[in-house]
There are 2 protein chains.
Amino acid sequence: MHVHGPKQKLAVALFCLATLVVLSARATLAQTPGPLPSWNSGPARNAIIEFVRRTTDPASPQFVPLAERIATFDQDGTLWTEHPIYAQLAYCLSRVPDVVAAKPELKDVEPFKTVMSGDREAIAALPMKDWETILASTLTGMTTDQFQLEVKAWLATAKDPKWKRPYTELTFQPMQELLHFLRDNGYKTYIVTGGGQDFVRVYAESTYGIPPEQVVGSIGGVAYGYDANGKPIFTKEPKLLLNNDHAGKPEGIHLMIGRRPYAAFGNSVGDKQMLEYTKAGDGARLAMLVLHDDAEREYSYGPAKGLPDTKFGTFPQDYYDLAIRSGWIVISMKNDWKHIFAFQK
Amino acid sequence: MHVHGPKQKLAVALFCLATLVVLSARATLAQTPGPLPSWNSGPARNAIIEFVRRTTDPASPQFVPLAERIATFDQDGTLWTEHPIYAQLAYCLSRVPDVVAAKPELKDVEPFKTVMSGDREAIAALPMKDWETILASTLTGMTTDQFQLEVKAWLATAKDPKWKRPYTELTFQPMQELLHFLRDNGYKTYIVTGGGQDFVRVYAESTYGIPPEQVVGSIGGVAYGYDANGKPIFTKEPKLLLNNDHAGKPEGIHLMIGRRPYAAFGNSVGDKQMLEYTKAGDGARLAMLVLHDDAEREYSYGPAKGLPDTKFGTFPQDYYDLAIRSGWIVISMKNDWKHIFAFQK
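In this text, all values refer to a predicted model and were calculated from it rather than measured experimentally.

Enquirer: When you look at the pattern of salt bridges in this model, what are you seeing that I'm missing?
Expert: Side chains that differ in charge, positive against negative, can pair when their charged atoms come close. The tally for this structure, following the rule as stated, stands at 32 salt bridges over all chains. In this structure, Asp57(A) and Arg53(A) form a salt bridge, with 3.9 Å as the shortest nitrogen-oxygen distance. Residue class for Asp57(A) comes out partly exposed when judged on its relative accessible area of 27%. Among the ionic pairs, Glu237(B) bridges to Lys239(B), the shortest N-O distance being 3.6 Å. For Glu237(B), a relative accessible area of 27% gives the class partly exposed.

This is the structure in structure tokens:
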């Protein structure tokens, strides 16, 4: 292009300007794609987007002030995979050899004997009382600092048996996008899990962007004291202050947050009370259940049939029916999600 | 002023511009005065400002990332006046007539008989066990919604016996400014009180700008259930999950926040463990104690002598000595504060 006079110069300038505008519009598009890119169009994605619009548009009659925007998420089976065994239970089993090494007399005592045998079927068949013994012996007695180090070390090396990947890579990409989308719209996102609060806090910030003060879990007592150098420590006690499952979930929400959520997400009967408590509030409230119906990309169980439910969380057919009757939205992993894990993209 | 030619016009324009600059500078000054205007210059104010500079200046070796900026405040005696009786205890006493009306057989039973007599000295002399009975009978058994309504109604009408003002007007203006100053610098401010969590949450947001999820208090159990219409309710149970005083304060901080504070503020031995836990962390940590040494504008007690300490919180001389040895800063209400209450300004 040759430039001859003022008119041509102006034309060039305008052309450059137009190009800049187009380019920057494109750049903006690339930086901020539409929300929830891993979700297929459909009732689940629409319900989320409509809920956020209604509660964040100042002109909406269902507008919610910033300070009241609370969203709560179950973890196992809702934010990451829970089959064949909750990550925290895998952690507890991995700690048993150390427990037995420290107290050799336990090696012939149940349930330690069965766990040490490595017989997966026998371990899975252990009654609940034995699981409680395993949990108490591997989650209490140490300082909170020591516990954090042990969990971090385990997370850095342990691998899920099916995908051969660290557990923290088995979060659901569409749920990660949902956490971001809600936070981008002023929602405070909380984990509300039956898992141990101290356990989940170790990785919640790096894995989900959820800080420790926004992790509500089953709460064990801690005793404040001092180490040999007089430095303050907390010792984890075998005393359950809150079993954060079923009715314990809204109780934990009251205790830790003190406000009713506007949105809640779960995947099993342990989330029933949290979802009904959420939906019972005034204005626009969103309650959603993740249905595991994708045998190919993850697992199929619950109402979708296939595998048996996990030991600690079930999703029977009548719970599905209740969800539909109650206006909760069921998320089909198979139909609503483009990808399940980030590594499948 | 007459305008004649271009030069004069320019002069007028410059004059107007200069005036505008001066006026807007004044307006800016009026809108954003220096921090902590009700604090006198001195070691306490300096310590706060230096702490904030060190932990928020990105060039400082003691810089603290935004997410970790936690400051915790005791309430009674630290954020508002605690003499002659904690507001919550005054509330509980005010509820006794209703408790007795509902169960008339209690009127001849201690401690209800003494409370109904109105004899202030006899009430103050009741042993701790009787106070526990009063607390349990007036703080539990109802739904959390009912409890909130009762506390709100009481706060709207109850008056402090000395100042004849609502309790919520008896907050310390310099501490309100400190809460704002810390929040303006990215700190999340928490109340960490021996008082009831459900009680303090009723007014913490309107009184201190502290939302319910940032109130850590003594925690009573709640039971999730349903009202006659099937709507979810919480019933307050006579079950103490956490006595958030002394060692219970850092335990409550671990439970509710999961991070060690960078700054902590108290006024009695009940705050000792919270302050030592805070100071035991790495980097710059601030621990401060409010000393009630102003008999004229508020009260004088503890090491400052004068009135006896309150029933539930003491500040003996050896605690003062410990504070000085430990590098905690003692705030003299008399010397460090220009005003104590907003209504004294």
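Now, onward.
Enquirer: Can you walk me through the packing of aromatic side chains in this structure?
Expert: Geometrically, a pair of aromatic rings is defined through the distance of the ring centres and the angle of the planes. Residue and element names in this part refer to chain A. What the rule picks out here adds up to 46 aromatic pairs over all chains. Here Phe73 and Phe265 contribute two aromatic rings whose centre-to-centre distance is 4.4 Å and whose plane-to-plane angle is 15 degrees, an arrangement assigned as stacked. Within this pair, whereas Phe73 is found in strand 1 (residues 70-73), its partner Phe265 is found in strand 5 (residues 263-266), the two being separated by 192 residues in sequence. What makes Phe265 buried here is its relative accessible area of 1%. Between Tyr91 and Phe147 the ring centres are 6.1 Å apart and the planes differ by 90 degrees, which places this aromatic pair in the edge-to-face class. You can see Tyr91 sitting in helix 3 (residues 87-102) and its partner Phe147 sitting in helix 7 (residues 144-157), a full 56 residues away along the chain.

Enquirer: Just checking my understanding: could you explain the relation of the copies chain B and chain A for this structure?
Expert: For these two chain copies, the linking operation is a rotation about an axis paired with a shift along it. Placing chain B over chain A gives an RMSD of 0.0 Å and needs a rotation angle of 180 degrees, together with 0.0 Å of translation along the axis. Accordingly, the operation relating the two chain copies is best matched by a two-fold axis. Most of the interface of chain B is mirrored in chain A, where 100% of its interface residues are also at the interface.

Enquirer: Where do I start with the environment of Glu213(B) in this structure?
Expert: In this structure, Glu213(B) sits in the loop between helix 9 (197-208) and strand 3 (215-226). Between the C-alpha atom of Glu213(B) and that of Ser332(B), which follows or precedes it by 119 residues, the distance is 31 Å. A polar contact is formed between the side chain of Glu213(B) and the side chain of Lys188(A), at a distance of 2.9 Å. Looking at Glu213(B), its side chain comes within polar contact range of the side chain of Arg259(A), at 3.1 Å.

Enquirer: Even after reading the chapter, I still don't get the packing of helix 3 (residues 87-102) of chain B against helix 7 (residues 144-157) of chain B, so can you show me in this structure?
Expert: The relative placement of two packed helices is expressed as an angle between their axes plus a distance between the axes. Residues and elements named next belong to chain B. Taken N-terminus to C-terminus, the directions of helix 3 and helix 7 make an angle of 105 degrees; their axes are 11 Å apart at the nearest point. Viewed along their axes, helix 3 and helix 7 adopt a mutual orientation that is roughly perpendicular. Contacts from Ala87, Ala90, Tyr91, Ser94 and Arg95 of helix 3 reach helix 7 at Phe147, Glu150, Val151 and Trp154. A per-class count over the contact of helix 3 with helix 7 returns six nonpolar, one polar and two charged.

Enquirer: What is the right way to look at the interface of chain B and chain A in this model?
Expert: The figure often quoted for interface size is the accessible area lost as the parts come together. At the interface, 35 residues of chain B touch 35 residues of chain A. Here chain B and chain A share an interface that buries about 3000 Å² over both sides, 53% of which is from carbon and sulfur atoms. For chain B, the biggest contributors to the area lost against chain A are Glu213(B), Tyr224(B) and His254(B); these three give 21% of the whole. Our count for the contact surface shared by chain B and chain A stands at six salt bridges. Among the ionic pairs, Arg259(B) bridges to Glu205(A), the shortest N-O distance being 3.3 Å. In this structure, the connection of chain B to chain A is made through 26 residue pairs in polar contact (both at pLDDT 80 or more). Contributions of two or more residues to the side of chain B that touches chain A are made by strand 2 (188-196), helix 9, strand 3, strand 4 (232-242), helix 10 (248-256) and helix 11 (272-279) of chain B.

Cut-off values and rules
Residues numbered from 1 in each chain as written. Chains lettered and ligands numbered in written order. Predicted model: local features only at pLDDT ≥ 70, side-chain atom pairs only at ≥ 80, totals over all residues. Heavy atoms only, no water. Salt bridge = Lys/Arg side-chain N within 4 Å of Asp/Glu carboxyl O. Buried < 20%, exposed > 50% of the residue type's maximum accessible area, 1.4 Å probe, protein only. Phe/Tyr/Trp six-rings, centres within 6.5 Å; stacked < 30°, edge-to-face > 60°. Helix = DSSP H or I, 4+ residues; strand = E, 2+ residues; numbered from the N terminus. Least-squares fit on C-alpha atoms with pLDDT ≥ 70 in both. Contact = heavy atoms within 4.5 Å. Polar contact = N/O pair within 3.5 Å; in protein donor to acceptor, adjacent residues only side chain to side chain. Axes fitted to C-alpha atoms, helices over the stretch in contact; angles between N-to-C directions. Parallel < 35°, antiparallel > 145°, perpendicular 65-115°, else oblique. Nonpolar A, V, L, I, M, F, W, Y, C, P; charged D, E, K, R; others polar. Buried area = accessible area lost by both parts, 1.4 Å probe.

In short, geometric facts, not functional conclusions.
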